[in-house]
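Spelled out from the first residue to the last, the chains are:
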Amino acid sequence: MQEQLSILPQILIDGLIIGFLYAIVALGYTMVYGVLEFINFAHSEIFMFGAFAGFEVLMLLERMNLLKTLPEFVSLVLTVLMAMVAAAAIGWTVERVAYRPLRGAPRLVPLISAIGVSFFLQDFARVIWTAARGNFHQAVPAIYTGAWNIGPVQIPQRAVIIMVAGIIMMYGLIWFVNKTKVGKAMRAVAQDRPTAGLMGINVDRIISLTFVVGGALGGAAGALFAVRYTSVNPYVGFILGMKAFTAAVFGGIGNLGGAVLGGLLLGIFEALGSAYLGPLTNDVLKGAEYKDIFAFLILILVLVFKPSGLLGQTTSEKV
Amino acid sequence: MDEGSSKSFGGDWLSMKKLLAALMTLSLLVAVAGCGGAKTGSGTVKLKIASVTPLSGGQSTLGSAIANGVKLAIEDRKADLEKVGVALEALPQDDLAEPTNAPTIGTRLVGDKEVIGVVGTLNSGVAKTLAPALKDANLVMVSPANTAVALTESGYAHYNRIVARDDYQGPAAARAVLNTIKAKSVMVLHDKTEYGQGLATEFVKEAKKIGLTVVNGDGEGINPKDTDFSAVVTKLLNTKAEALFYGGIYDTAALIFKQADERGFKGSFVGADGLDAQDIVPNSGGAANRVYYTSVADNVYGSKEGSEFVKRYEAAFKSKPATYAVYGYDSANVIIDAVISYAKANPGKTPSREEIMKAVRATKGFKGLAGEVTFNDKGDNPSAKVYLFQIQNNQYPGASLGEIKQ
């Protein structure tokens, strides 16, 4: 028992770290949903392309021999920024090609289109990188390889980067949506699309912007993922995206703070489940196998009792 | 009057529609009926060897290697086949490593009458659903990679494999961990598949017999599509195990190994033939040179035929072959040999699937690039041996550490 408890701090930190990654990705899902009541299933692949973009930037820096000479912070910022730009462009393109033509169609149709885009992008990435580099599984040049040991806990530097970035993005997004004119326009479109149009807001442009910002978030998350795990392949988005989406729902879809809260909690539950389910159930439920089930079970329980999620508001239909 | 004229003008257009539909269906039927069947009219017997492996997805490095091995084998034997009046074609199928895709592929292959044999699958889980689909048609399967024991214990007359089974490979890995790698405690993980879990179970059984401590009970499953394994690594460090054994495929293995190494795990990383792909080196990071894996072929590339194979492969496919390419090559050649001996004895005739199936099962002492192949009455290859490799100097394939005896 003592031994089990001794790893608790590390487990919590591990959970928090992965939780922040879920949180950043969840922000993208929740923002698009908040404005358009549409779940962009392709977000996970935009995240993946962000990871590849980050990888390419780091490879370029390494080839130009800048990786060793530039301060690590500069490399990091360059990587994340370029990934955000690339992913935002992809997000914008996906909206124009796969969603805009379907505006007005029944809800399910763009959803299926999104799933199709997701699969397409996965194999598209595979084809591109197999052609460009001979393999779609790539190792990313490493930066920030150190770790800090605080007492019983080891925190890798990259993990701290993700946490800091997550907090910056959350507050940045909340500021953007609430304190800027464009943000106000987005909130207007989210609240009542036809009336917003009548008020002179260019709805098309706002919707494009939503996907651009969402894409940028996904791209940043992807770049951070590439830096943290130093490994990219076209399938990294799939499971992570599904969990982040779940986290967004868990925290209250449409609510930015909820996305972050949901992400963090999901990460922690997963880590706890992975470490303790085994010992707690006398090895009947071996932790690592059941950690996903454990995390999703909690999700189901929360939704049963609070369908709008932890921080979500129950919307009443106005007759 | 009007009704009369509209009737004759448009015709009874419902029946026109029906007529059109009937004509189209008829022509489709004729086309389909005409498509199937090997044509012996022109004298050359046209046949196909299908390969069923993942050509897309995380395991496509191994799957493509096998499919390419089949293509290369057919290409290399073209002259021999022409001499006996047979034209062979490769028919690669993508199973995405998902067992649920097997029935559809099976139906398709059974329906294509030119398909005379199947090289596949890579994943034991897929083979488990593909074998029943091909059984009634007596379509022979030669697997270059399936290691799950159950596949040759199900009484299939059409299923064969050239590689050793998990009840040989798993225990061999356990013995290697204790005797060669000299680790006294090991953490066992697997990917919950037919292959990985089966392997881990056999590993644990043997470990208990030889006194190798397994720190996590009977082994633990993880989700192979996951990317973050911090919690598992934390447990690993906490148990102070000296080695980590992973029953599964290279893509997830590399991630787990890398993360364990980054967190300061100094022990060895062990796996089986699922790790035998070039990706294992760059993607394992600092863990690479402590990776050991078992495989069914000894250092193939060291032999003269092996290095020539590599040259031909690189010329044809512009990439280096994973070791599985050789298994695919050998599996295809087993089927090709059966086809050639039939064609020699029966010139101009198309072999039935049953005859090829029996001929393949009767294979004795076939000398392949990866080793000798003889099929026993279950479809296993008793000549299959298990060898241990270690990645050294970030080079793939790993250095051979010799055979692990039964």
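Scroll up for the structure.
Throughout this description, residue numbers start from 1 for each chain and increase along the sequence as written. All chains are assigned letters beginning at A, and all ligands numbers beginning at 1, according to the order in which they are written. Per-residue local features are limited, in this predicted model, to residues with pLDDT of at least 70; the limit for side-chain atom pairs, both in listing and counting, is 80 or more; totals at the level of whole chains, interfaces and linings are taken over all residues.

Draft legend 1. Broad picture of unusual backbone geometry. Residues and elements named next belong to chain B. Note the cis peptide between G120 and T121, where omega equals 0°. Relative to the assigned elements, T121 resides in the loop between β3 (115–120) and α6 (124–135). The peptide bond linking Y396 to P397 adopts the cis configuration, its omega dihedral lying at 0°. Working definition: helices are DSSP H or I runs of at least four residues, strands are E runs of at least two. Numbering for both runs from the N terminus. The topology assignment puts P397 in strand β15 (residues 395–404). Look at K182: it is not a glycine, yet its phi comes out positive at around 60°. Here K182 shows up in the loop between α7 (166–180) and β6 (185–190). Accessibility expressed as a C-beta count within 10 Å gives 11 for K182, which makes it exposed. One non-glycine residue, K318, lies in the positive phi region at around 55°. Note on placement: K318 falls in the loop between α12 (304–317) and α13 (324–345). Working definition of burial: number of other C-beta atoms within 10 Å of the residue's own, with buried at 20 or more, exposed at 12 or fewer, and partly exposed in between, all C-beta atoms being placed from the backbone. We classify K318 as exposed; it has 8 C-beta atoms within 10 Å.

Draft legend 2. Highlighting α13 of chain B. The span you would expect from a helix comes to 1.5 Å times its residue count less one. Relative to the 32 Å expected for 22 residues at 1.5 Å per residue, α13 of chain B spans 32 Å between its end C-alpha atoms, a close match to the ideal helical length. Of all 22 residues making up α13 of chain B, 17 are buried, and the element is well covered by its neighbours.

Draft legend 3. Region of the structure containing the interface of chain B and chain A. On the chain A side, the residues contacting the 28 residues of chain B number 31 residues. Looking at the side of chain B that touches chain A, the elements that each hand over two or more residues are β8 (220–221), α9 (230–239), α10 (250–262) and α11 (280–283) of chain B. Put simply, Ala, Val, Leu, Ile, Met, Phe, Trp, Tyr, Cys and Pro go in the nonpolar bin, Asp, Glu, Lys and Arg in the charged bin, and everything else, Gly too, in the polar bin. Here the side of chain B that touches chain A is built from residues that sort into six nonpolar, twelve polar and ten charged. Note that contacts rest on C-beta atoms placed from the backbone: two residues are in contact if these are within 7 Å.

Draft legend 4. How the structure looks around the pairing of β6 of chain B. Residues and elements named next belong to chain B. Here β6 lies mainly inside the structure; five of its six residues are buried. One crossover worth recording links β6 to the parallel strand β7 (residues 213–214) by way of helix α8 (residues 194–210), and it is right-handed. For two strands to be treated as a pair, DSSP must find no fewer than two bridges joining them. Pairing analysis gives five bridges linking β6 to strand β9 (residues 243–247), with the strands arranged parallel. Each residue of the ladder has a partner; that of V186, found in β9, is A243. Inspection of the sheet shows β6 paired to β8 by two bridges, in the parallel sense. Considered in β8, the bridge of L189 is made with E220. Seen with its strands pointing away from the viewer, a crossover is right-handed when the path leading from the first strand over the helix to the second is clockwise.

Draft legend 5. Layout of the packing of helix α3 (residues 43–63) of chain A against helix α10 (residues 203–229) of chain A. Residues and elements named next belong to chain A. Remark: α3 packs on α10, axes separated minimally by 6 Å, with the N-to-C direction vectors making an angle of 50°. By the angle between their axes, α3 is oblique relative to α10. In this structure, the crossing between α3 and α10 has a hand that is right-handed. Along the contact surface, α3 presents H43, I46, F47, M48, F49, G50, A51, A53, G54 and F55, while α10 presents G214, G215, G218, G219, A220, A221, G222, A223, F225, A226 and V227. In terms of residue class, the contact of α3 with α10 is built from 13 nonpolar, eight polar and no charged. In this description, a line fitted to the C-alpha atoms serves as the axis of each element, helices being fitted only across the stretch in contact, and the angle between N-to-C directions of two axes falls anywhere from 0 to 180 degrees. With respect to orientation, any angle under 35 degrees is reported as roughly parallel, any angle over 145 as roughly antiparallel, any angle of 65 to 115 as roughly perpendicular, and every other angle as oblique. In this scheme the handedness of a crossing depends on how the near helix is turned from the far one: anticlockwise by less than a right angle means left-handed, clockwise means right-handed.

Draft legend 6. Spatial organisation of helix α11 (residues 236–251) of chain A. All names here are of chain A. Over its 16 residues, α11 runs 23 Å from end to end, which matches the ideal 22 Å to within 8%, given 1.5 Å per residue. Most of α11 sits out of view: 13 of its 16 residues are buried. Immediately downstream of α11, the backbone of G252 shows phi near 110°, a positive value.

Draft legend 7. Quick look at the sheet that holds strand β4 (residues 140–143) of chain B. Residue and element names in this part refer to chain B. If you trace the five strands from one edge of the open sheet to the other, you get β2-β1-β3-β4-β5, paired in parallel fashion. Taken across any chain shown, the strands that pair with only one partner, and hence form the sheet edges, are β2 (86–94) and β5 (159–161). This sheet shows a mean twist of 25° between the axes of neighbouring strands, independent of strand direction. Bridge analysis of strand β1 (residues 45–53) against β3 gives five bridges, and the strand direction is parallel.

Draft legend 8. Summary view of the environment of Y396 of chain B. Residue and element names in this part refer to chain B. Structurally, Y396 can be placed in strand β15. A count of 19 C-beta atoms within 10 Å places Y396 in the partly exposed class. Here the alpha-carbon distance between Y396 and A288, two residues 108 residues apart in the chain, equals 9.9 Å. For Y396, the contacting residues outside a window of four places in its chain are Q278, I280, V281 and I391.

Draft legend 9. The packing of α3 of chain A against helix α5 (residues 72–99) of chain A, seen in detail. Residue and element names in this part refer to chain A. The interhelical angle for the contact between α3 and α5, taken along N-to-C directions, is 140°, at an axis separation of 8 Å. The angle between α3 and α5 places the two elements in the oblique class. Every pair of crossing elements has a handedness; the one defined by α3 and α5 is right-handed. Packed against α3, whose contacting residues are I46, F49, G50, A53, G54, V57, L58 and L61, the element α5 presents S75, L78, T79, M82, A83, A86, A87, I90 and G91 at the interface.

Draft legend 10. Spatial organisation of the nonpolar core. Linking buried Ala, Val, Leu, Ile, Met, Phe, Trp, Tyr and Cys residues through C-beta atoms within 7 Å yields a set, and such a set is a nonpolar core. Membership of the largest hydrophobic core comes to 229 residues, with the highest contact counts inside it found for I24, L27 and A220 of chain A together with I66, V177, V186 and L244 of chain B. Broken down by element, the residue count for this core peaks at 19 residues, all from helix α2 (residues 8–36) of chain A. Those residues in contact with A220 of chain A that lie beyond four places of it in its chain are I24, G50, V80, A83, M84, A165 and M169 of chain A.

Read these as spatial facts, not as claims about activity.
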